[in-house]
Amino acid sequence: ALTFTGIGLLDGGADFAQSNNCGALAVGATCQVSVNFTPTAAGSRSGTLALTHDGSGVTLVSLSGVGQAASATLSAPSFAPTPVGTSSTGSATLTNTGIGALSVGTPTLSGSAYSLLSTTCASSLPVGANCVMTVRFAPTSSTLSSGTLAVDTGAGLQSASLGSTGIQGYASMS
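Residues numbered from 1 in each chain as written. Predicted model: local features only at pLDDT ≥ 70, side-chain atom pairs only at ≥ 80, totals over all residues. Heavy atoms only, no water.

**Overview of the pattern of salt bridges**
Applicable threshold: Any carboxyl oxygen of Asp or Glu that lies within 4 Å of a side-chain nitrogen of Lys or Arg is treated as forming a salt bridge with it. In DSSP terms, a helix is any run of H or I states spanning at least four residues, a strand is any run of E spanning at least two, and both are numbered starting from the N terminus. Think of it in three bands: with a 1.4 Å probe and only protein chains considered, a residue is buried below 20% of the maximum accessible area for its type, exposed above 50%, and partly exposed in between.
Counting across every chain of the model gives one salt bridge. Between R45 and D15 there is a salt bridge; the shortest N-O distance is 2.9 Å. Taken as a pair, R45 in strand β5 (residues 43-53) and D15 in the loop between β1 (2-11) and β2 (16-20) lie far apart in primary sequence, 30 residues in all. R45 sits in the partly exposed class, given a relative accessible area of 23%.

**Overview of the packing of aromatic side chains**
Under the convention used in this document: Working definition: rings of Phe, Tyr and Trp (its six-membered ring) pair if their centres are within 6.5 Å, and the pair is stacked with planes under 30 degrees apart, edge-to-face with planes over 60 apart, and tilted otherwise.
Considering all chains together, one arrives at four aromatic pairs under this definition. Relative to F137, the ring of Y114 has its centre 5.3 Å away and its plane inclined at 25°; by these criteria the two rings are stacked. Here F137 lies in strand β14 (residues 130-137) and Y114 lies in strand β12 (residues 114-119), a separation of 23 residues in the sequence. Exposure remark for Y114: the relative accessible area of 7% places this residue in the buried category. We classify F137 as buried; its relative accessible area is 1%. A connected cluster of aromatic rings, assembled from ring pairs, spans F79, Y114 and F137.

**Notes on the environment of S124**
When you line up the elements, S124 lands in strand β13 (residues 124-125). Looking at S124, the relative accessible area reads 41%, which means it is partly exposed. Taking the C-alpha atoms as reference points, S124 and V104, 20 residues apart in sequence, are found 5.6 Å from one another.

**Notes on the state of the cysteines**
Note the threshold: Defined by distance alone, a disulfide is two cysteine sulfur atoms within 2.5 Å.
Going through the model one piece at a time under the given rule, you end up with two disulfides. Residue C22 pairs covalently with C31 via a disulfide, S to S 2.0 Å. In this structure, the disulfide formed by C22 and C31 twists by about 85° around the S-S bond and is classed as right-handed. C31 sits in the partly exposed class, given a relative accessible area of 25%. Here C121 engages in a disulfide with C131; their sulfurs sit 2.0 Å apart. With the S-S bond torsion at 85°, the cross-link from C121 to C131 turns out right-handed. Of this pair, C121 sits in the loop between β12 and β13 while C131 sits in strand β14, and the two are 10 residues apart along the sequence. The class of C121 is buried, set by a relative accessible area of 16%. Taking the relative accessible area as the measure of exposure, C131 reaches 2% and is therefore buried.

**Here's the deal with the nonpolar core**
As a reminder of what qualifies: For this analysis, a nonpolar core means a set of buried residues of the types Ala, Val, Leu, Ile, Met, Phe, Trp, Tyr and Cys, connected via side-chain atoms within 4.5 Å. In this analysis, two residues are considered to be in contact whenever any of their non-hydrogen atoms come within 4.5 Å of each other.
Counting residues in hydrophobic clusters, the biggest one holds 19 residues, and the most contacted among them are L74, L94, V104, Y114, L125, M133 and L149. Going through the elements one at a time, β7 (72-74), β9 (88-96), β14, β15 (144-153) and β16 (156-167) are the ones with two or more residues in this core. No other element matches the four residues that β14 contributes to this core. Ignoring any residue separated from it by four or fewer positions in sequence, one finds L94 in contact with A72, T73, L74, V104, L125, A129, N130, C131, M133, V151, T153 and Q158. F4, C22, L49 and L51 belong to the second-largest nonpolar core, a separate cluster that totals eight residues.

Written as structure tokens, this is what we have:
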């Protein structure tokens, strides 16, 4: 017979949790120790599980895992040369480069010459998938128009700088 008097984490308790049904075991009996890994940071994580019993005293089990973080990229739209008083469109692509579904908020724009025409982004974006936001550039002058496209995601705020210049036609007489 073997009796467990304690099972716990010596270190790594922030990243690992255990549960068990071990107590006094008859010869040939088994018990189950379950370890859950919930990383608190990206990168390599480690811990030690200690099983205290009346056999050889304490058995140590090394635990390890790799924490991965949500990640995403947002491309900036580019615009064709656009005469003042007209408009052109450009597309920005949000890509989920992480390890799980990515929550996606509503895109926002700053800059008076820019407006959001459409988006294919739903509230969740699967791993490896992307969605597209179509932005309109409508210059009212031939000076630089700047702005920002931003989307709040499960990987943090993704933003792209916008900077385009309207072109002004001219006439000459000879």
